[in-house]
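Structural characterization, general
Listed below are the residues making up each chain.
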Amino acid sequence: LYLLNDAIVNPAILSSKNENQVSLMIRDQWTGFEGAPKTQALSYYFGPLGKFRNKFSPGVSIVNDVTGPISSLTAIFSGSYIIFDNEENNRRLSLGACANILQYKMDNSQIILEDDGLFDPAFQSNIDKSLAHSATLGAYYFSEKYYLGASVLNVFSSDLRMSNTGVSNKLVNHYYINSSYLFDFENDIKMIPSVMLKKIGASPLQLDVNLKALFNDAFWTGVSYRTNDAIIAMLGFDFSQYSLGYSYDITTTNMSI
């Protein structure tokens, strides 16, 4: 849902927001599967601060993510600073960073192990918890018509130590590159194509191709294609100072069978 809350994946995007903004996202995946992933995110973006000559923009977010027995609750403290500002052509370059504090939890009571006579010490207790931290870095070049952004999540991260086994697990890096362009037509119609290139840990490279259409700056609809995953339909309304959006994934993998 980064199309509805883009600063979640790149803190440098905060510099493009001219006003305070509150964002609430709820995402349910794989409906019908027991223990399917569920995510909720609440964000507040402050807009530019005057005493920094409108160059610094902070934000905070809380993200709750649950998949079966595994859950994480993350507090994100973000900031973005404009390092280049061409007022004549309205082009800007910003750099951003996030400090993330994460509580990772595994409820072993929800896991049913095969009774094969072997004992796994990782499942000694009912609930394992680990507190970790990480950092995100991003860059964002933008104007009124287009943007190009890049970010890396978990650039610096601590180990997740679970079950007192002495085994450490580091949060993997997430790499994002995204770009968009605004086509402004007559009759108050705007078309916004965009792409997102993603690489997460050892998983394959993934590409999102998106197209959003905006009518009278009030009603919008769109479609996305995510390689080896899904086709996404989107719908939304903008009214006064509020915006409401909905998206639905149509899975293209064997999971749909």
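Owing to the predicted nature of the structure, the values given are computational and were not obtained by experimental measurement. (Residues numbered from 1 in each chain as written. Predicted model: local features only at pLDDT ≥ 70, side-chain atom pairs only at ≥ 80, totals over all residues. Heavy atoms only, no water.)

Under the counting rule described, the total for this entry stands at ten aromatic pairs. An angle of 80 degrees between the planes, with centres 4.7 Å apart, marks the rings of Tyr-44 and Phe-46 as edge-to-face. Overall, Phe-46 belongs to the partly exposed group, its relative accessible area being 34%. Consider the rings of Tyr-141 and Tyr-146, whose centres lie 6.3 Å apart with planes at 45 degrees: the pair is tilted. When its relative accessible area of 25% is taken as the criterion, Tyr-146 is described as partly exposed. Here a set of aromatic residues connected by ring pairs shows up, and it is made of Tyr-141, Tyr-146, Tyr-181, Phe-183 and Phe-185. Across from the ring centre of Trp-220, 4.5 Å away, lies the NZ or CZ of Lys-212, which sits over that ring. (Phe/Tyr/Trp six-rings, centres within 6.5 Å; stacked < 30°, edge-to-face > 60°. Buried < 20%, exposed > 50% of the residue type's maximum accessible area, 1.4 Å probe, protein only. Lys NZ or Arg CZ within 6 Å of the ring centre and 35° of its normal.)

Glancing now at the environment of Asn-108. Within the secondary structure, Asn-108 sits in the loop between strand E5 (91-107) and strand E6 (127-142). Taking the C-alpha atoms as reference points, Asn-108 and Val-66, separated by 42 residues in sequence, lie 14 Å from one another. Within the structure, the side chain of Asn-108 is placed 3.2 Å from the side chain of Asp-128, a separation counted as a polar contact. (Helix = DSSP H or I, 4+ residues; strand = E, 2+ residues; numbered from the N terminus. Polar contact = N/O pair within 3.5 Å; in protein donor to acceptor, adjacent residues only side chain to side chain.)

Our focus in this paragraph is the side chain of Ser-143. With respect to the element layout, Ser-143 can be found in the loop between E6 and strand E7 (146-157). If sequence neighbours within four positions are ignored, Ser-143 has contacts with Asn-90 and Arg-91. (Contact = heavy atoms within 4.5 Å.)

In this section: the pattern of salt bridges. Taken as a whole and assessed by the stated rule, the structure comprises nine salt bridges. One salt bridge connects Arg-27 with Asp-249, and the closest N-O pair in it is separated by 3.2 Å. Remark: Asp-249 occurs in strand E16 (residues 242-251) and Arg-27 occurs in strand E1 (residues 21-28); sequence separation between them is 222 residues. When its relative accessible area of 23% is taken as the criterion, Asp-249 is described as partly exposed. In this structure, the salt-bridge partner of Arg-226 is Asp-249, at a minimum N-O distance of 3.6 Å. Taken together, the positions of Arg-226 in strand E14 (residues 219-226) and Asp-249 in strand E16 put the pair 23 residues apart, joining distant regions of the chain. Connected via shared salt-bridge partners are Arg-27, Lys-198, Asp-208, Arg-226, Asp-229 and Asp-249. (Salt bridge = Lys/Arg side-chain N within 4 Å of Asp/Glu carboxyl O.)

By themselves, these are just geometric observations and shouldn't be taken as functional.
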